[in-house]
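Summary of structural features
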Amino acid sequence: MEIEILLIEDNVHDAELAMRSLRTNDIAIKIIHLKDGVEALDFLFGTGLFDGRDINDKPKVILLDLKLPKINGLEVLERIKANPLTKKIPVVVLTSSNENLDVDRAYEVGANSYIVKPVDFDSFHKIVKNMGIYWLLNNETSN
């Protein structure tokens, strides 16, 4: 099955809420959840723990937190967008940081969207659900 969403989030609670919200869309989606920047890069480039993974099996969209352990989200984003194999994958930054420096830097290195996580469950659920609908059903991508 094709990977539809790659969720890179170290906060287990936020990851569970995001996955639950995405699955309420009544569309069959496969979500891969990774917990740090090293895992994310290993997965995307078929190295480390994911050595031998078919790197041509790309997600339709990546949801990326910025505050990640080991390698931060901005560096992950920069590496994704610098590599010809992954640069066309849409990356949505979904983070708690609303600092102008983070927003500006994310867009400078190629983020397709920047969303600050709402603190209340209902708002978080609605934003993630609508984001999933947009990126999976409405957005056109090239291969």
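In what follows, the structure referred to is the one given above.
The following refers to the structure shown. From a predicted model like this one, the values you see are computed outputs, not experimental measurements.

Some points on the overall build of the protein chain
Within the protein chain, the regular secondary structure consists of 5 helices and 5 strands. Starting at the N terminus and walking to the C terminus, you meet the elements of the protein chain as β-α-β-α-β-α-β-α-β-α. For a compact globule of 143 residues, the expected C-alpha radius of gyration is about 15 Å, and the protein chain comes in at 14 Å, within 12% of that figure. Judged by the C-alpha coordinates and their principal axes, the protein chain covers about 40 × 35 × 30 Å. Here the protein chain holds 143 residues, and the buried ones make up 47% of them. Restricting to contacts in the protein chain with at least 6 residues of sequence separation, those with at least 24 account for 65%. A total of about 7,500 Å² of accessible surface is found on the protein chain, and carbon and sulfur atoms cover 49% of it. Distance between charge centres in the protein chain, computed from 17 positive and 23 negative side chains, equals 4 Å.

Comments concerning helix H5 (residues 121-138)
Turn by turn, an α-helix covers 3.6 residues, leaving residues three or four places apart pointing in a common direction. Compared with an ideal rise of 1.5 Å per residue, which puts 18 residues at 26 Å, H5 spans 25 Å between its outermost C-alpha atoms and is within 8% of the ideal. Residues Phe124, Val128, Met131, Gly132, Trp135 and Leu136 constitute the buried set of H5. For H5, the angular spread of the buried residues around the axis is 105°, confining them to a single face. Exposed positions of H5 whose direction lies more than 90 degrees from the buried face are Asp122 and Lys126. Looking at the buried positions of H5, the neighbouring elements they touch are strand S1 (5-8), helix H1 (12-23), strand S3 (61-64), strand S4 (91-95) and strand S5 (113-116).

Cut-offs and rules
Residues numbered from 1 in each chain as written. Predicted model: local features only at pLDDT ≥ 70, side-chain atom pairs only at ≥ 80, totals over all residues. Heavy atoms only, no water. Helix = DSSP H or I, 4+ residues; strand = E, 2+ residues; numbered from the N terminus. Rg over C-alpha atoms; globule rule 2.2 N^0.38 Å. Buried < 20%, exposed > 50% of the residue type's maximum accessible area, 1.4 Å probe, protein only. Contact = heavy atoms within 4.5 Å. Areas by Shrake-Rupley, 256 points an atom, 1.4 Å probe, with all protein chains shown as cover. Lys, Arg positive; Asp, Glu negative; His and termini not counted. Charge placed at Lys NZ, Arg CZ, Asp CG, Glu CD. Expected span 1.5 Å × (residues − 1). Arc of directions from axis to C-beta.

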